[in-house]
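These are the residues of each chain, in order.
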Amino acid sequence: MINQTHTKIVPIDLDTPDRTIINEAAALIQDGQLVAFPTETVYGLGADTFNQSAIQAIFSVKHRPSTDPLIVHIGSIQELSTVAIKIPEIALTLAHQFWPGPLTLILEKQSNIPHAVTAGGPSVAVRYPDHRIAQLLIATSGCPIAAPSANRFSRPSPTLAYHVFADLNGKIPMILDGGPTNIGLESTVLDVTHSCPCILRPGGISMEQIQSVIPDVQIRKQFFDVCHESQHSPGQLFKHYSPKAPLCLFTGHSIDDVTMAMYVHMEKLLNMNQSVGAMLVEEDLELFKPLAKDGGLIQNLGSVNKLDIVAKNLFACMRRLDSANVDCILIHMLPKNEIGLAIQDRLFRAAEKVIQVG
Ligand code: TXA
Ligand code: MG
């Protein structure tokens with residue numbers, strides 16, 4: 001049973017961060033409490049990596065299963081050896097190329113990393129975030145900070161301090177509010193414990209960027225299956241990052257056919273007096289105008305030609321439609337180049353239903 005706590009949201013300036021605020025947050029971490037903080041990807045829910053009870057608290061406030069391991073956040077490449085051992089050359093090459101940044105490396109863990117952090121496994125996930133506030137918090141706390149995304153388990157990751165508040169109010173003492181996060185989707189998780197590195201979760205560093213260092217990098221088979229056997233409704237199996245309203249994902253070879261199928265479906269639901277939300281790319285807005293007039297709630301994700309903006313908006317749009325209490329949310333598949341692969345992964349995981357068109 002977790003006692004109710006007063007949760008304060010403390011705005012912090014990214015250019016000239018107030019050190020007294022950082023000191024207060026770091027003191028909470030050192031005291032075994034949890035602090036939510038911004039990173040360049042999404043907000044994290046941080047605790048002292050070496051404090052067992054603080055780590056347990058992360059799992060309980062998030063309602064996260066203890067079988068799902070956490071990412072350890074460090075403040076420099078040098079710190080890597082304090083949390084991992086037998087670091088392969090390729091890991092250092094990647095670290096020098098992409099850190100600080102949205103790349104999480106899976107490595108063999110140091111024996112002092114608590115079991116709860118790694119879910120009892122032999123490996124540890126490590127990343128050096130590219131965010132001034134995260135870096136200052138790690139340095140001032142004087143310990144690596146274990147942090148999952150600061151959402152309630154299975155909800156969309158928080159890209160605003162307010163999203164954290166909506167999920168965790170009354171459960172944690174402090175949220176550092178650094179404004180909207182820059183990338184909006186989580187880091188790429190790359191397993192480098194085997195001779196053949198494998199992407200376990202696509203994210204902020206694209207597959208193309210990793211291929212520039214490891215041309216034959218693998219991608220987790222499960223992910224590949226999810227994307228290519230969509231008719232099996234993978235959302236059921238991997239449901240995650242999901243809005244409260246069922247998300248219906250339209251996919252297929254012809255983008256025009258897919259968009260039209262989504263339009264017809266939305267029109268039908270509106271005629272049945274359902275409250276329907278649609279997350280659209282800018283290029284679709286004109287077509288869907290009549291449905292907006294008929295009461296459909298439209299969220300503009302940004303241009304299909306600027307997928308980094310779409311990524312940045314995705315989780316916030318899901319949450320906005322949830323706040324409007326829609327009965328369902330519709331979206332169609334987007335290109336999967338660069339950050340698009342991570343968008344595709346999150347959409348398949350969030351989807352309650354995948355509709356294959358054509
Ligand atoms: O961008 C991010 O990665 C954000 C910010 C806060 O850093 N964090 C984040 O953490 O997304 P979380 O806990 O929501 O996702 C961590 C992912 C999970 O899918 C987890 O299963 C995987 O990393 N992971 C952690 N440790 C692992 C390990 N030892 N082996 C394989 N996967 C691991
Ligand atoms: Mg998460």
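Residues numbered from 1 in each chain as written. Chains lettered and ligands numbered in written order. Predicted model: local features only at pLDDT ≥ 70, side-chain atom pairs only at ≥ 80, totals over all residues. Heavy atoms only, no water.

(A) Examining the pairing of strand 10 (residues 188–191) more closely. Both faces of strand 10 are covered, namely the face carrying Thr 188 and Leu 190 and the face carrying Val 189 and Asp 191. As judged from the four bridges shared by strand 6 (residues 103–109) and strand 10, these two strands associate in the parallel manner. For Leu 103, the partnering residue across the bridge sits in strand 10 and is Thr 188. Between strand 10 and the antiparallel strand that follows it, strand 11 (residues 198–201), lie six residues. (Buried < 20%, exposed > 50% of the residue type's maximum accessible area, 1.4 Å probe, protein only. Helix = DSSP H or I, 4+ residues; strand = E, 2+ residues; numbered from the N terminus. Pairing = 2+ DSSP bridges.)

(B) Layout of the sheet that holds strand 14 (residues 276–281). Spatially, the five strands line up as an open sheet ordered 15-14-16-13-17, and their pairing is parallel. Edge positions in the sheet fall to strand 15 (297–302) and strand 17 (351–357), since each has one partner strand and no second. Each strand of the sheet is rotated relative to its neighbour by a mean of 20°, with strand direction disregarded. Summarising the sheet, strand 13 (residues 247–252) and strand 16 (residues 328–332) pair through four bridges and their orientation is parallel. By the bridge assignment, Phe 250 is partnered in strand 16 with His 332. Lying over the sheet, helix 12 (residues 285–293) contacts strand 14 and strand 15, oriented at roughly 165° with respect to strand 15. (Axes fitted to C-alpha atoms, helices over the stretch in contact; angles between N-to-C directions. Contact = heavy atoms within 4.5 Å.)

(C) The packing of aromatic side chains, seen in detail. Enumeration over the complete set of coordinates arrives at one aromatic pair. Arranged with centres 5.3 Å apart and planes meeting at 65°, the rings of Tyr 263 and Phe 288 form a pair that is edge-to-face. Highlighted residues: Tyr 263 in helix 11 (residues 255–271) and Phe 288 in helix 12, separated in sequence by 25 residues. (Phe/Tyr/Trp six-rings, centres within 6.5 Å; stacked < 30°, edge-to-face > 60°.)

(D) Molecular detail of the pairing of strand 6. Counted residue by residue, strand 6 has six buried out of seven residues, so it is predominantly covered. Bridge count between strand 5 (residues 84–85) and strand 6: two bridges; the pairing is antiparallel. Across the sheet, Ala 84 pairs through a bridge with Lys 109, a residue of strand 6. Relative to strand 7 (residues 123–127), strand 6 runs antiparallel, the two being bridged by four bridges. Residue pairing for strand 7: Glu 108 is matched across the bridge by Ser 123.

(E) View of the environment of Ala 91. Along the chain, Ala 91 turns up in helix 4 (residues 89–98). Classification of Ala 91 as buried rests on a relative accessible area of 0%. Those residues in contact with Ala 91 that lie beyond four places of it in its chain are Leu 105, Leu 107 and Val 192.

(F) Region of the structure containing the domain arrangement of the protein. By the assigned domains, the protein splits into domain 1 (8–219) and domain 2 (247–357). Tallying the contact residues gives 25 residues for domain 1 and 18 residues for domain 2. Here domain 1 meets domain 2 over a buried area of about 1,600 Å², counting both sides, of which 57% is carbon and sulfur. Three residues stand out in domain 1 for area buried against domain 2, namely Pro 156, Leu 185 and Pro 202, and they jointly supply 34% of the buried area on that side. (Domains from an automatic or database assignment. Buried area = accessible area lost by both parts, 1.4 Å probe.)

(G) Just the pattern of salt bridges, in detail. Taken as a whole, this structure holds 11 salt bridges when the rule is applied. One salt bridge in this structure joins Arg 346 and Glu 186, with 2.7 Å as the shortest N-O distance. Note that Arg 346 is positioned in helix 14 (residues 340–350) and Glu 186 in the loop between strand 9 (174–177) and strand 10, a separation of 160 residues in sequence. On the basis of relative accessible area, Arg 346 is assigned to the buried category, the value being 0%. The exposure class assigned to Glu 186 is buried, which follows from its relative accessible area of 3%. Each of Arg 155, Asp 167, Arg 319 and Asp 322 takes part in a single network of salt bridges with overlapping partners. (Salt bridge = Lys/Arg side-chain N within 4 Å of Asp/Glu carboxyl O.)

(H) Molecular detail of empty space enclosed by the protein. The full count for this structure, using the stated rule, is two cavities of 30 Å³ or more. The computed volume of the second largest cavity comes to approximately 50 Å³. Counting residues domain by domain, the lining of the second largest cavity receives three or more from each of domain 1 (8–219) and domain 2 (247–357). (1 Å grid on protein atoms, 1.4 Å probe; cavity = no way out; pocket = protein on both sides within 12 Å on 5 of 7 lines; lining within 4 Å. Points joined across faces, edges and corners; volume = space filled by probe spheres on them.)

(I) The arrangement of the packing of helix 13 (residues 307–323) against helix 14 in detail. The interhelical angle for the contact between helix 13 and helix 14, taken along N-to-C directions, is 20°, at an axis separation of 9 Å. Taken together, the axes of helix 13 and helix 14 lie roughly parallel to each other. For the crossing formed where helix 13 meets helix 14, the hand is left-handed. Taken together, the residues of helix 14 that come into contact with helix 13 (itself represented by Leu 307, Val 310, Ala 311, Leu 314, Phe 315 and Met 318) are Gly 340, Ile 343, Arg 346, Leu 347 and Ala 350. (Parallel < 35°, antiparallel > 145°, perpendicular 65-115°, else oblique. Left-handed = near helix turned anticlockwise from the far one by under 90°.)

(J) Here's a closer look at the site of ligand 1. Not every one of the 21 residues close to ligand 1 is listed here, only the nearest: Thr 41, Arg 64, Asp 68, His 73 and Ser 187. Between ligand 1 and the protein, one listed contact pairs a nitrogen atom with a side-chain N or O atom of Ser 123 at 3.0 Å. One nitrogen or oxygen atom from the side chain of Arg 127 is found 2.9 Å from an oxygen atom belonging to ligand 1. When contributions to the shell around ligand 1 are tallied by element, the ones reaching two or more residues are strand 4 (71–73), strand 7 and strand 11. Ranked by residues supplied to the shell around ligand 1, first place goes to strand 7 with three residues. (Near = heavy atom within 4 Å. Polar contact = N/O pair within 3.5 Å; in protein donor to acceptor, adjacent residues only side chain to side chain.)

(K) Structural context of the nonpolar core. By size, the foremost hydrophobic cluster in this structure holds 45 residues, and its most contacted members are Ile 55, Trp 99, Leu 103, Leu 105, Ile 172 and Leu 190. Those elements that place two or more of their residues in this core are strand 3 (44–48), helix 2 (52–62), helix 3 (80–83), helix 4, strand 6, helix 5 (115–118), strand 7 and helix 7 (161–168). The element best represented in this core is helix 2, accounting for five residues. With sequence-adjacent residues up to four places away left out, Leu 105 is seen in contact with Ala 91, Leu 94, Trp 99, Val 124, Ala 125, Val 126, Leu 190 and Val 192. Listed in part, the 30 residues of the second largest apolar core include Leu 247, Val 310, Leu 314 and Leu 321. (Core = buried A, V, L, I, M, F, W, Y, C linked by side-chain atoms within 4.5 Å.)

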